[in-house]
Amino acid sequence: MKYKRAAIALIIVAVAMVGAYLYRFRPPAMYTMLLPHMESAQERERRARRHFLREHPGQQPLNVAIGKAAIELYETRPMGKFVLGLGVRDEGNDCSDFVKCVMDEGLGAKARFRRASERHLLGSNPEYFQNLVWDHKSPLLPGDAVSVAHSPWYAPYPGACWHVGIIGADGMVYDFVKLKRWKTARYGRNDVAWFVRHATEPNGVIVTRLRPEYRYKLQEIRIPDGT
């Protein structure tokens, strides 16, 4: 029995020694691994913004480029025939396709139709974008995609599909939409209050926003090869 107790005591001492060593000599990689989980969203935002103001004086955050691309695609009207995409891969030439094209264009990957492709390179990547439930009060940023549970273009009804637009550099919401009674699709430019007017229930508005570390150029966006 005494040998068993002695063995347990030795194990405890050994574990304590290892723990003390790791505490004193933590490798830098441990900080890198733990930092994203330890920081709050607000602190990550502040840290990235401080870096941006210090390293990129006089420049605009990268989300503004997305907002400018929204206006450019609205003005040039390049989307072609509206095709609603409701499949597993959400393929289609519709509102979400328009928004992802804007994101790719603004971030330097070029919209898919300017690459002769059906593939989005950055607009669908969760590494670069985060989803937030909007409280109808917090400021929206240029380049924010705004998804609403009920489209502003028609009265709400059970089972309606979501609709999405994107905030331009001027603060307006831009979208690409078609109703059955319209002969052709329309490019919308409306204020936020109108765009979210039917999405009044909790979780009725989801904002997809470029993550702060990429928005403020703390980390570089990698544009993949291929179409």
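In what follows, the structure referred to is the one given above.
Residues numbered from 1 in each chain as written. Predicted model: local features only at pLDDT ≥ 70, side-chain atom pairs only at ≥ 80, totals over all residues. Heavy atoms only, no water.

Visitor: Summarise the side chain of S151; cite the residues concerned and give the values.
Guide: Tracing the backbone shows S151 in the loop between β2 (145-148) and β3 (163-167). Using a relative accessible area of 1% as the deciding quantity, one classes S151 as buried. Discounting chain neighbours no more than four positions away, the residues touching S151 are H163 and H198. (Helix = DSSP H or I, 4+ residues; strand = E, 2+ residues; numbered from the N terminus. Buried < 20%, exposed > 50% of the residue type's maximum accessible area, 1.4 Å probe, protein only. Contact = heavy atoms within 4.5 Å.)

Visitor: Give a description of helix α5 (residues 95-106) that names residues and reports values.
Guide: Helix length check: α5, at twelve residues, gives a terminal C-alpha distance of 17 Å against a target of 16 Å (1.5 Å per residue), a fit within 8%. Counting buried positions along α5 yields ten of twelve residues, so the element is predominantly enclosed. Taken together, the buried positions of α5 are C95, S96, D97, F98, V99, C101, V102, M103, D104 and G106. Remark: G108 follows α5 within two positions and exhibits a positive phi of approximately 95°. (Expected span 1.5 Å × (residues − 1).)

Visitor: Requested: an account of the pattern of salt bridges, with residues and values cited.
Guide: Pairs may arise between side chains of opposite charge once their charged atoms sit close together. If you walk through the whole model with that rule in mind, you get seven salt bridges. Across the pair R114 and E72 runs a salt bridge whose closest N-O atoms are separated by 3.0 Å. With R114 in the loop between α5 and β1 (129-133) and E72 in helix α4 (residues 62-76), the pair connects residues that are 42 residues apart, well separated along the chain. In this structure R114 comes out as partly exposed when scored by relative accessible area, which is 35%. E72 sits in the partly exposed class, given a relative accessible area of 27%. A salt bridge links R115 to D104; the nearest nitrogen and oxygen atoms lie 3.4 Å apart. (Salt bridge = Lys/Arg side-chain N within 4 Å of Asp/Glu carboxyl O.)

Visitor: Run through the nonpolar core, naming residues and quoting values.
Guide: In summary, soluble globular proteins display a tendency toward joint burial of nonpolar side chains. Residues I66, F98, V102, I166, Y174 and L210 are the most contacted members of the largest nonpolar core, which totals 31 residues. When near neighbours in sequence (up to four residues on either side) are disregarded, L210 contacts L62, N63, I66, L107, Y128, F129, Q130, R215 and I221. Counting residues in each nonpolar core, the second largest holds twelve residues, with V148, F195, V196 and V207 among its members. (Core = buried A, V, L, I, M, F, W, Y, C linked by side-chain atoms within 4.5 Å.)

Visitor: Can you tell me about unusual backbone geometry, naming the residues and giving the values?
Guide: Positive phi is not limited to glycine here, since K110 has a value of about 70°. Positionally, K110 belongs in the loop between α5 and β1. K110 sits in the partly exposed class, given a relative accessible area of 48%. Even without being glycine, K217 reaches a positive phi, approximately 60°. Summarising the element assignment, K217 is placed in the segment after α7 (212-215). The exposure class of K217 is partly exposed, given its relative accessible area of 28%.

Treat this as a map of the structure, not an account of what it does.
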